[in-house]
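# An overview of the molecular structure
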2 protein chains.
Amino acid sequence: MTALLIGNNRAAEMTGGPDGTPEERRRAARGAQRLLWWARDGDVLLLPEAPDDAFADHVTGLTGTRRAGLTVVTAALPPTGALPDATVAAVRAALAGRTVDRVMPVYADTGVTGLVRRLGAERALPGWAFHDQGGSALVNSKAAFRAVAAGTGTPVAAGTVAGSPDAAGAAAAELLAAGHSAVLKLAFHSGGLGNEVLTTDPAVRPLGAHRAVVLPGPDAAREHTARHWAGLSSGGRHPVVVERYHPESVPVYAEFEVRDAGVVLSGHGEMLMDPMLDGETVPAALPPDLLDRLVGHGRRLCEAYRALGYRGTLSADAIVTPAGELLFTEANGRLTGSSHLHSVLAARLVGEPLRSRRVFLEKGAWPVPSFGAALDALDRAGLAFDPATRTGVVLVGDRVPVDGTVVPCVIAPDRPAAHAVRRSLPVFAAEPAPAS
Amino acid sequence: MTALLIGNNRAAEMTGGPDGTPEERRRAARGAQRLLWWARDGDVLLLPEAPDDAFADHVTGLTGTRRAGLTVVTAALPPTGALPDATVAAVRAALAGRTVDRVMPVYADTGVTGLVRRLGAERALPGWAFHDQGGSALVNSKAAFRAVAAGTGTPVAAGTVAGSPDAAGAAAAELLAAGHSAVLKLAFHSGGLGNEVLTTDPAVRPLGAHRAVVLPGPDAAREHTARHWAGLSSGGRHPVVVERYHPESVPVYAEFEVRDAGVVLSGHGEMLMDPMLDGETVPAALPPDLLDRLVGHGRRLCEAYRALGYRGTLSADAIVTPAGELLFTEANGRLTGSSHLHSVLAARLVGEPLRSRRVFLEKGAWPVPSFGAALDALDRAGLAFDPATRTGVVLVGDRVPVDGTVVPCVIAPDRPAAHAVRRSLPVFAAEPAPAS
């Protein structure tokens, strides 16, 4: 059993197309190292940046993987287009003649499917044929999502898919005229970066959007949409979603594996706002009827995409409005920022018997002098993950070279305990400034 | 029971976006009059151009519809955007307070769904919510089709969905280098108008494409694709399909109704080439195993789109290659140029008991001095459709004011008989030129 794990964390449909700044690319590269969580003995990882030893040892130590058996190939993984011959050759060399039994990319775009084809590993990537003809775009497009949601009876916010600045402006103006706020969504982006809120109320906070634009009224919404159309439509390439924005809603999701044999729930969670998005907790703490609807509607969405041929991870995202409505907001057909919580931390580190009695809290970044220092501090404080109790802190990501932080995930018996541990993480003294 | 029939024969996704020349619009307007075939007592038709009396009498006489009970509203039906208030008001006035029980557009775009909403008739248009969020684009996109076909195991020609001129050029060049021809397809268009063949062989005929471009070799294919990228991608808005072109293939299709309760076969047919596309015959005369596969794969495609929420007519188009391969080429989620043959001529004029013993041949246009003169000539020759024998010639379209032709459909017991009748249509002497 050899798996090829591909850290293409900046596929075009995850970034809205552009390649981003060097810092954005670097952060994405570090985020892609999260694939280590899925690695098993003998696997090959294709990553934009090799993980540091301390992080790799931490992850493989927890998952029980023999680190020496892993091969990491590093190469730039651009957001679009075929991978260079040299990258294919490097992967082939790392495989050293072994058959690839499983391919797990962050995002199954045609760059990935082309690599897989050249390795002769089509069968190792479920849904390869669908992905190879650009199918992932259908599953990740926020515009297509609204049609599929409407077509499957999935509740969504009032709104429309606009193919022109006039149509988008009219829809936004109508919402503002009715006393609501509006959210404009790029068809392709991730992490809320492609969403912006238009509102007449300066107190409205943009949750799940990169900004709120305060406007005097409906006509200004029309002007704003026309002026920013090129950006909103990715240079005219995609339609734009215009929806009623429900302030102070709680974002939740249910994540699934869409397989040949059916749709399997991976888990669900809730995004945390404090006041801006800075983490998530698993499971989602929803009243049973809302949770049933989140999972039930999410599963039906998966079945629709499955009928097209999609295979892989699929997250159905939703909000719970202050009025208690559950409204779905988008679907993401890729590994998400939550996948590791369900597929690895819950399923493997905690394990099925105890999983339902554990809460996972991944909240904010933890400033540390180094990954090793963070681990030592956890050990000293008695906070490190303990395989005996299946509680404690796991460091799921290493961003030290980028911004001096690691990403901690607390595993605890309940939410209050998880938050208490999170608050108790040691604070490191700032390094004394070097004498000038 | 009141139906609203909407002749929006130039929806953006049927024309590749642009509004077309005045002559193209006029031809589309005459084509839209075909909706008369579906009209029943009391229905309202929204058409770009009112049918002439002779044509309307011919159609309603054959379908047994009381012509005086029909109301025709004429208005421009632009390819995109909401219909003007005046058009909505005119439809409302024509309805005179009656409830719309059924809405049948040529193409269910958001112009149609907006009109339907303003009439409060959402329930009368199956799949309204899906269509209202732009869903028809998913079902008519040739790019999405390739992903869905791949995802559902539907056989297609070798090829790819290209999002950039480089990717498209590389794919076309690869096909030419392998000794094949290539076809480039706009994501949205109809009637083969969005397809062009690239070939190194001057003898290759472009069947189902608007032209063949003869090139010296693979590099020229790259240059051609780059030079024409703006047109191929509709100004960068859509990806382009690049496929191996199989010369001298026979185009066939299976057409279905996608309903809440399931997928129902409407019929199947074969396009006729002589040497260019100039007609079709129903049913498709394929060996039983090929016919089974045409209908079986077509039905599975319909089920995939049905899972998304699509409702309405869906045609699965395919070719049979000279080697006997069945390869699917596109799906069209709209009334097609064949729908009337199955839903009206076969189902109503001939009727179920005899349908399987009749062949329908709609081939070429028939130059006539006037629609009435054409009917008279059919009567005199004893060729007019005879409800007793369920054979004879029906004039399915009236293009006299545009190009002096009508569109005859021969209904006969078998193919040779149908072709014999078609060849025997009277030839009218050209009008003597007026004395100068």
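Just so you know, these numbers come straight off a predicted model, no measurement behind them.

Conventions we followed
Residues numbered from 1 in each chain as written. Chains lettered and ligands numbered in written order. Predicted model: local features only at pLDDT ≥ 70, side-chain atom pairs only at ≥ 80, totals over all residues. Heavy atoms only, no water. Least-squares fit on C-alpha atoms with pLDDT ≥ 70 in both. Contact = heavy atoms within 4.5 Å. Domains from an automatic or database assignment. Buried area = accessible area lost by both parts, 1.4 Å probe. Salt bridge = Lys/Arg side-chain N within 4 Å of Asp/Glu carboxyl O. Polar contact = N/O pair within 3.5 Å; in protein donor to acceptor, adjacent residues only side chain to side chain. Helix = DSSP H or I, 4+ residues; strand = E, 2+ residues; numbered from the N terminus. Axes fitted to C-alpha atoms, helices over the stretch in contact; angles between N-to-C directions. Parallel < 35°, antiparallel > 145°, perpendicular 65-115°, else oblique. Left-handed = near helix turned anticlockwise from the far one by under 90°. Nonpolar A, V, L, I, M, F, W, Y, C, P; charged D, E, K, R; others polar. Phe/Tyr/Trp six-rings, centres within 6.5 Å; stacked < 30°, edge-to-face > 60°. Buried < 20%, exposed > 50% of the residue type's maximum accessible area, 1.4 Å probe, protein only. Pairing = 2+ DSSP bridges. Core = buried A, V, L, I, M, F, W, Y, C linked by side-chain atoms within 4.5 Å. Right-handed = clockwise from strand over helix to strand, strands pointing away.

### Observations concerning the relation of the copies chain B and chain A
With an axial shift of 0.0 Å and an RMSD of 0.0 Å, the rotation relating chain B to chain A amounts to 180 degrees. As the rotation angle and translation indicate, the two copies are arranged about a two-fold axis. Considering only C-alpha atoms, the residue of chain B closest to the rotation axis is Arg237(B), which sits at 2.0 Å. Interface overlap between copies is the fraction of interface residues in one copy that are interface residues in the other; for chain B against chain A it reaches 100%, indicating a shared surface.

### Let's talk about the domain arrangement of chain A
Residues and elements named next belong to chain A. Taken domain by domain, chain A holds domain 1 (3-133), domain 2 (137-143 + 248-337), domain 3 (158-245) and domain 4 (356-427). Distance between the C-alpha centres of domain 1 and domain 3: 35 Å. Facing the five residues of domain 1 at the interface are five residues of domain 3. A combined buried area of about 390 Å² lies between domain 1 and domain 3, and 51% of that area is made up of carbon and sulfur atoms. Considering only the side of domain 1, the residues that lose the most area to domain 3 are Glu13, Met14 and Gly16, jointly responsible for 82% of the buried surface there.

### Here's the deal with the interface of chain B and chain A
Listed as interface residues are 24 residues of chain B and, on the opposing side, 24 residues of chain A. Both sides together, the interface formed by chain B and chain A hides about 1800 Å², and carbon and sulfur atoms give 61% of it. The three residues of chain B that bury the most area against chain A are Gln133(B), Ala147(B) and Leu308(B), which together make up 33% of that side's buried surface. Taken together, the links from chain B to chain A amount to zero salt bridges. The interface formed by chain B and chain A contains four residue pairs in polar contact (both at pLDDT 80 or more). The set of elements that each furnish at least two residues to the side of chain B that touches chain A consists of helix 6 (128-132), helix 7 (135-140), helix 8 (142-151), strand 5 (159-162) and helix 12 (288-308) of chain B. Of the residues forming the side of chain B that touches chain A, the biggest block, seven residues, is contributed by helix 8 of chain B.

### Looking at the packing of helix 9 (residues 165-177) of chain A against helix 10 (residues 218-227) of chain A
All names here are of chain A. Packing of helix 9 against helix 10 leaves a shortest axis separation of 8 Å and a crossing angle of 150 degrees. With respect to their mutual orientation, helix 9 and helix 10 come out roughly antiparallel. You can see that helix 9 and helix 10 cross each other, and the crossing is right-handed. Contact with helix 9, carried on its side by Pro165, Ala168, Gly169, Ala170, Ala172, Ala173, Leu176 and Ala177, involves Pro218, Ala221, Arg222, Thr225 and Ala226 of helix 10 and no other residues of that element. For the contact of helix 9 with helix 10, the residue count by class is ten nonpolar, two polar and one charged.

### As for the packing of aromatic side chains
Residues and elements named next belong to chain B. Scanning the model with the defined rule gives six aromatic pairs over all chains in all. Between phenylalanine 55 and phenylalanine 371 the ring centres are 5.5 Å apart and the planes differ by 80 degrees, which places this aromatic pair in the edge-to-face class. With a gap of 316 residues between them, phenylalanine 55 in helix 3 (residues 53-63) and phenylalanine 371 in helix 15 (residues 371-380) connect regions that are remote in the sequence. The exposure class of phenylalanine 55 is buried, given its relative accessible area of 1%.

### Remarks on the sheet that holds strand 5 (residues 159-162) of chain A
Residue and element names in this part refer to chain A. Judged by pairing direction, the sheet is mixed, and its five strands sit side by side in the order 5-9-6-7-8 without closing on themselves. If you trace the sheet from one side to the other, it starts and ends with strand 5 and strand 8 (211-214), each paired once. Adjacent strand axes in the sheet meet at a mean angle of 25 degrees when their direction is disregarded. As defined by bridge partners, strand 7 (residues 195-199) adjoins strand 8 across four bridges and the pair is classed as parallel. Across the sheet, glutamate 196 pairs through a bridge with arginine 211, a residue of strand 8.

### Observations regarding the environment of Ala171(B)
Examined against the element boundaries, Ala171(B) turns out to sit in helix 9 (residues 165-177). Ignoring sequence-local partners within four residues, the contact set of Ala171(B) consists of Thr160(B) and Val242(B).

### Overview of the side chain of Thr281(A)
Examined against the element boundaries, Thr281(A) turns out to sit in strand 12 (residues 277-282). Here the side chain of Thr281(A) touches Phe360(A) through a polar contact of 3.2 Å, landing on its backbone oxygen.

### Focus on the side chain of Ser181(A)
All names here are of chain A. By secondary structure assignment, the location of serine 181 is in strand 6 (residues 181-186). Given the relative accessible area of 7%, serine 181 is considered buried. Here threonine 199 takes part through its side chain, which lies 2.8 Å from a polar atom of the side chain of serine 181. Among residues more than four places away in sequence, those in contact with serine 181 are Leu175, Leu176, Val197, Leu198, Thr199, Val204, Glu243, Arg244 and Tyr245.

### Section: the nonpolar core
One finds Tyr305(A), Leu294(B) and Tyr305(B) to be the most contacted residues of the largest nonpolar core, which totals 63 residues. No other element matches helix 12 of chain B, which puts nine residues into this core. For Tyr305(B), the contacting residues outside a window of four places in its chain are Leu138(B), Val139(B), Phe145(B), Val148(B), Tyr310(B), Leu314(B) and Ala331(B). In terms of nonpolar packing, the next biggest core, distinct from the first, is built from 54 residues, Ala39(B), Ala56(B), Val106(B) and Leu349(B) among them.

### Things to note about the pairing of strand 3 (residues 71-74) of chain A
All names here are of chain A. Sheet analysis places strand 2 (residues 44-47) next to strand 3, joined by four bridges and oriented parallel. Each residue of the ladder has a partner; that of leucine 46, found in strand 3, is valine 73. Chirality of the crossover, the property in question, places the unit of strand 2, helix 3 (residues 53-63) and strand 3 among those that are right-handed.

### Thoughts on the sheet that holds strand 3 of chain A
All names here are of chain A. In space, the four strands of this open sheet follow the order 3-2-1-4, with parallel pairing throughout. Looking at the sheet topology across the chains shown, the edges are occupied by strand 3 and strand 4 (102-105). Mean inter-strand twist for the sheet, computed between neighbouring axes without regard to direction, equals 15 degrees. Relative to strand 2, strand 1 (residues 3-6) is paired through three bridges, and the arrangement is parallel. Within strand 2, the position partnered with isoleucine 6 by the bridge is leucine 46.

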